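Per-entry structural report
Residue-level listing of the chains:
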Amino acid sequence: MSESTPTPLEAQAALTEANTQAVQVHRVDHQLGWIVLGIAAIYLAVGALMSTLPDPRRGGPVIGSAILAVMVVGLVGLVVVFLRIRAYSRTGILLYFAGVGTFSLWNGIVVGVSIATRWLASTQPSYHFGISVVVAVIPLFVAAWLIWRR
Amino acid sequence: MSHPRHALDDLLGHPVRFSVTALLAAASKVEFSFVRDHVEVTDSMLSKQVSTLEQAGYVKVDKGFVGKRGRTWLSLTREGRRTFERHLGALREIAQSDGAGAAVRPS
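Note that the structure is predicted; figures quoted are calculated from it, not measured.

Each value, and the rule that gives it
Residues numbered from 1 in each chain as written. Chains lettered and ligands numbered in written order. Predicted model: local features only at pLDDT ≥ 70, side-chain atom pairs only at ≥ 80, totals over all residues. Heavy atoms only, no water. Helix = DSSP H or I, 4+ residues; strand = E, 2+ residues; numbered from the N terminus. Rg over C-alpha atoms; globule rule 2.2 N^0.38 Å. Buried < 20%, exposed > 50% of the residue type's maximum accessible area, 1.4 Å probe, protein only. Contact = heavy atoms within 4.5 Å. Areas by Shrake-Rupley, 256 points an atom, 1.4 Å probe, with all protein chains shown as cover. Lys, Arg positive; Asp, Glu negative; His and termini not counted. Charge placed at Lys NZ, Arg CZ, Asp CG, Glu CD. Pairing = 2+ DSSP bridges. Axes fitted to C-alpha atoms, helices over the stretch in contact; angles between N-to-C directions.

1. Some points on the overall build of chain A
Along the backbone of chain A there are five helices and one strand. Listed by position from the N terminus, the elements making up chain A come as α-α-β-α-α-α. The C-alpha radius of gyration of chain A comes to 22 Å, more than 25% above the 15 Å expected for a compact globule of 150 residues. Oriented by its inertia axes, the alpha-carbon framework of chain A measures out at about 80 × 30 × 20 Å. Taking all 150 residues of chain A together, 39% fall into the buried category. Taking all contacts inside chain A whose residues are at least 6 apart in sequence as the whole, residues at least 24 apart take part in 83%. Looking at chain A as shown, the accessible area adds up to about 8,300 Å², and 72% of this sits on carbon and sulfur atoms. Counting 9 positive and 5 negative side-chain charges, chain A places the averaged centre of each group 22 Å from the other.

2. Remarks on the pairing of strand β2 (residues 59–66) of chain B
Residue and element names in this part refer to chain B. In terms of strand pairing, β2 meets strand β3 (residues 69–76) through eight bridges, oriented antiparallel. Counted as the bridge partner of Val 59 is Leu 76 from β3. Between β2 and β3, which follow one another and run antiparallel, lie two residues, and Gly 67 among them has a positive phi close to 70°.

3. With respect to the sheet that holds strand β1 (residues 87–88) of chain A
An order of β1(A)-β1(B)-β3(B)-β2(B) is seen for the four strands of this open sheet, with the pairing classed as antiparallel. The sheet is open, and its two borders are formed by β1 of chain A together with β2 of chain B, each paired with just one other strand. Bridge analysis of β1 of chain A against strand β1 (residues 29–31) of chain B gives two bridges, and the strand direction is antiparallel. Counterpart to Tyr 88 of chain A in the pairing with β1 of chain B is Lys 29 of chain B. Docked against the sheet, helix α2 (residues 32–39) of chain B engages β1 of chain A together with β1 and β3 of chain B, running at close to 75° with respect to β1 of chain B.

What follows is the structure, encoded as C-alpha cells:
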C-alpha cells in the first residue's frame, strides 16, 4: 500500500507513460513481421527462379547455384535479424510461430495437392511451380499483417 | 479501505521502476539494453532498480550469450504482472476521480 497518493493528473501522466512503454514493445514486434516476410521472400525468389527454367526438374549448375545462394543469403539474413531482436511481446512471438507453423502445414498441402493433381507434372509449364509457391506463402503474409496491425 | 490509493504499490511509485515495469508488462522478454535505452537511464541506475524489483519477486533476470556477447533478458514474473495490473487499476480510478481526497499529498 502506498502512503502518498498521486493527484488525478499525476495518475493520468503515469498511465500515459505506461501506454508509451507498451507502444515501444509493439513497435519492436514489427521485426518479427519482417522475418516472416523474409521467409516469404526467399520462397518467392526460389519460385521465380524455378519458373524461368524450361524444365524445373533439370535445373543445371547455374540455376542450382543461384537457388542455393538465395537460400543461404536469405537464411543468414534472417538469423542476423533474429539475433538482433531486443524485445518481443507474447502475442508477437505467438503470431510469429503460428504463422511459420501454418505456412509449413499449408505448404505441405499445396505441394501434395499440386503433385496429386499433376499440376507439377513434367508436361506442365514451369510457371506452375511459381504459382504453387505464391499460394504456399499466403499464411506468411497473413502472419506479417497480423503482427503489424497490432 | 475503499480509496484506490490502497491498491497502489510502493515499489512502483518510483518513476523509473514504474517505467521499467510498464515496459516489461507489454512484453514477454526484453533485453537489458533495450530497457535502458527506452526508459532513458544509465546502466547502473537500471541495475539498481531491476535488483530491487527482482528482490521483490516482480522481475526475473536471465543471462545468456549470443556468440561471445553476454545478453541479459528481463521479464515480469506472474506476481509482478499482477501487482502492476492492480497498480494500473488504482491509477485509472484516481485519474477518473475529481481529485477530492485524492489530490492531497503528504508533504
